[in-house]
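# Reading the structure
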Amino acid sequence: MSKKFDVCVVGATGAVGETILSILEQRNFPINNLYPLASANSAGKKIMCQGKQWTVQDLASFDFSQAQIGLFSAGGSISKKYAPIAAEAGCVVIDNTAHFRRDKDIPLVVPEVNPHAIAGYTQRNIIANPNCSTIQMLVALKPIYDAVGIERINVATYQAVSGSGKEAITELTDQSAKLLGGNTDINVEVYPKQIAFNVIPHIDVFQENGYTKEEMKMVWETQKIFEDDNILVNPTAVRVPVLYGHSEAINIETKKKITATEATEILSKASGVTVLDIREDGGYATPFTDAMNHDDTFVSRIREDISYEKGLNLWVVSDNIRKGAALNTIQIAEILIEEYL
């Protein structure tokens, strides 16, 4: 790529924003000018990217006509306010929040799954990044969906605290340190219950049907990305005391029978997937030792469902901050500049 682009990063000082900046450098994204944006409290800070020092600017006063691409990861309320302003100014927004995902005229994209959808950005100059749990699930399932079709997905997630931001990471580490030191006087602020040495079957707000919004996101987003309103998704989202990396136990019911061997062969050739499936102690992927800081989604424990002829089980692990947010955003931007800008 000889052409370079002016890029702004909204939420540059947050967990995902910092990872976006590091990946922009790692992948040598063609940056002309970089505009790190954050709240007034962070304005004036210096950050390094691609060998240059850039000054964090106040989001509220930024002129978005200076940027051709905007990478947004500062929360839904920020995107609701500023993404349309940026889009109107001619800046193509790739938004990492849930705010625009269900809008019919805004593409929802996982590059390994539906890159063609990026073409729809022209309707509002905004592209939505899916939920982290949806991304890794669909990266793993799309090759099987293409091969034999999928009628139903049952999934239980085991989601790291980093999905809730820096405050949640601090809460887990602080609680753990106190409890290990024999101090039971711990603070519970980010989550409804203690997260250290605990498991919380609750992510996001409860809906009328008894599912949480996090769970329903996986339903809505899967149907939109696969362009298949008939696919059934039954999710349970769980928060676990892990710092980085989401895990998912997935059971699918396929339209045609597929063996574990066939599924393994298909997944071994799939873009963005690493199969780690040796049927012995330690022959499977885990979030900390395998997925963290890696681009790929890892698939393990591939086995046929002994209770249903056309059923298949998978264990899927991915770095939620990297592939589940920052990397997916930049992959979208790379296709955008290669094929559309």
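The preceding data block contains the structure.
Residues numbered from 1 in each chain as written. Predicted model: local features only at pLDDT ≥ 70, side-chain atom pairs only at ≥ 80, totals over all residues. Heavy atoms only, no water.

Of regular secondary structure, the protein possesses 8 helices and 14 strands. In terms of overall dimensions, the protein is globule-like: its C-alpha atoms have a radius of gyration of 20 Å, near the 20 Å expected for 341 residues. C-alpha atoms of the protein, sized along the principal axes, occupy 60 × 55 × 40 Å. Split into buried and exposed, the 341 residues of the protein put 53% on the buried side. Partitioning the contacts of the protein with sequence separation of at least 6, the portion at a separation of at least 24 is 67%. Accessible area of the protein: about 15,100 Å², with a carbon and sulfur share of 48%. Each charge class in the protein can be summarised by its mean position, and for the 31 positive and 42 negative side chains these summaries are 2 Å apart. (Helix = DSSP H or I, 4+ residues; strand = E, 2+ residues; numbered from the N terminus. Rg over C-alpha atoms; globule rule 2.2 N^0.38 Å. Buried < 20%, exposed > 50% of the residue type's maximum accessible area, 1.4 Å probe, protein only. Contact = heavy atoms within 4.5 Å. Areas by Shrake-Rupley, 256 points an atom, 1.4 Å probe, with all protein chains shown as cover. Lys, Arg positive; Asp, Glu negative; His and termini not counted. Charge placed at Lys NZ, Arg CZ, Asp CG, Glu CD.)

Turning our eyes to something else, we now look at the packing of helix α1 (residues 15-26) against helix α8 (residues 322-339). Running from amino to carboxyl end, α1 crosses α8 at an angle of 50°, the nearest separation of the two axes being 9 Å. Viewed along their axes, α1 and α8 adopt a mutual orientation that is oblique. For the element pair α1 and α8, the recorded crossing hand is right-handed. Across the interface between the two elements, V16, T19, I20, I23, L24 and Q26 of α1 pack against R322, A325, A326, L327 and I330 of α8. Within the contact of α1 with α8, the residues separate by chemical class into 8 nonpolar, 2 polar and 1 charged. (Axes fitted to C-alpha atoms, helices over the stretch in contact; angles between N-to-C directions. Parallel < 35°, antiparallel > 145°, perpendicular 65-115°, else oblique. Left-handed = near helix turned anticlockwise from the far one by under 90°. Nonpolar A, V, L, I, M, F, W, Y, C, P; charged D, E, K, R; others polar.)

Let's shift gears to helix α5 (residues 213-226). The terminal C-alpha atoms of α5, which comprises 14 residues, lie 20 Å apart, in line with the 20 Å expected from a rise of 1.5 Å per residue. The buried fraction of α5 amounts to 11 of the 14 residues, a majority that puts the element mostly inside the structure. Those residues of α5 that sit buried are E214, E215, M216, K217, M218, V219, E221, T222, Q223, I225 and F226. The first or second residue beyond α5 is E227, which carries a positive phi of 55°. (Expected span 1.5 Å × (residues − 1).)

On to the side chain of S162, then. Its place among the elements puts S162 in the loop between β9 (150-159) and α4 (166-180). A polar contact of 3.0 Å, which involves the side chain of S162, links it to the side chain of N320. If near-sequence neighbours (up to four positions away) are discounted, S162 is found in contact with I169, L243, Y244, N320 and I321. (Polar contact = N/O pair within 3.5 Å; in protein donor to acceptor, adjacent residues only side chain to side chain.)

With that settled, the discussion passes to the state of the cysteines. For the structure on display, the rule yields 0 disulfides. The thiol sulfur of C8 is not disulfide-bonded, and the nearest other cysteine sulfur, from C91, lies at 4.3 Å. (Disulfide = S-S within 2.5 Å.)

Here we take up the pairing of β9. Pairing of β9 with strand β11 (residues 246-254) involves 8 bridges; the strand directions are antiparallel. By the bridge assignment for β11, I150 is matched with T254. As paired elements, β9 and strand β10 (residues 232-239) share 8 bridges and run parallel to each other. Across the sheet, residue I153 finds its bridge partner in β10, namely V233. (Pairing = 2+ DSSP bridges.)

Quick look at the pairing of β11 now. Burial of β11 is extensive: 8 of the 9 residues sit out of reach of the surface. As defined by bridge partners, β11 adjoins strand β14 (residues 311-318) across 8 bridges and the pair is classed as antiparallel. Considered in β14, the bridge of S247 is made with V317.

Further remarks concern unusual backbone geometry. A positive phi angle, close to 55°, is found at Q50, a residue other than glycine. Given the relative accessible area of 25%, Q50 is considered partly exposed. We note that R301 has phi near 50°; this positive angle belongs to a residue other than glycine. Residue position: R301 is located in strand β13 (residues 297-304). The class for R301 is partly exposed, based on a relative accessible area of 40%.

With that settled, consider the pattern of salt bridges. What the rule picks out here adds up to 13 salt bridges. Here D105 makes a salt bridge to R124, at a shortest N to O gap of 3.0 Å. Remark: R124 occurs in the loop between β7 (92-95) and β8 (126-128) and D105 occurs in the loop between β7 and β8; sequence separation between them is 19 residues. Overall, the relative accessible area of 27% leaves D105 in the partly exposed class. (Salt bridge = Lys/Arg side-chain N within 4 Å of Asp/Glu carboxyl O.)

Before going further, it helps to examine the environment of Q159. With respect to the helices and strands, the residue Q159 is situated in strand β9. Taking the relative accessible area as the measure of exposure, Q159 reaches 2% and is therefore buried. Setting aside residues no more than four positions away along its own chain, Q159 makes contact with S133, I203, E214, A237, V238, R239, V240 and H246. A polar side-chain atom of Q159 sits 3.2 Å from a polar atom in the side chain of S133. A polar contact of 2.8 Å, which involves the side chain of Q159, links it to the side chain of T157.

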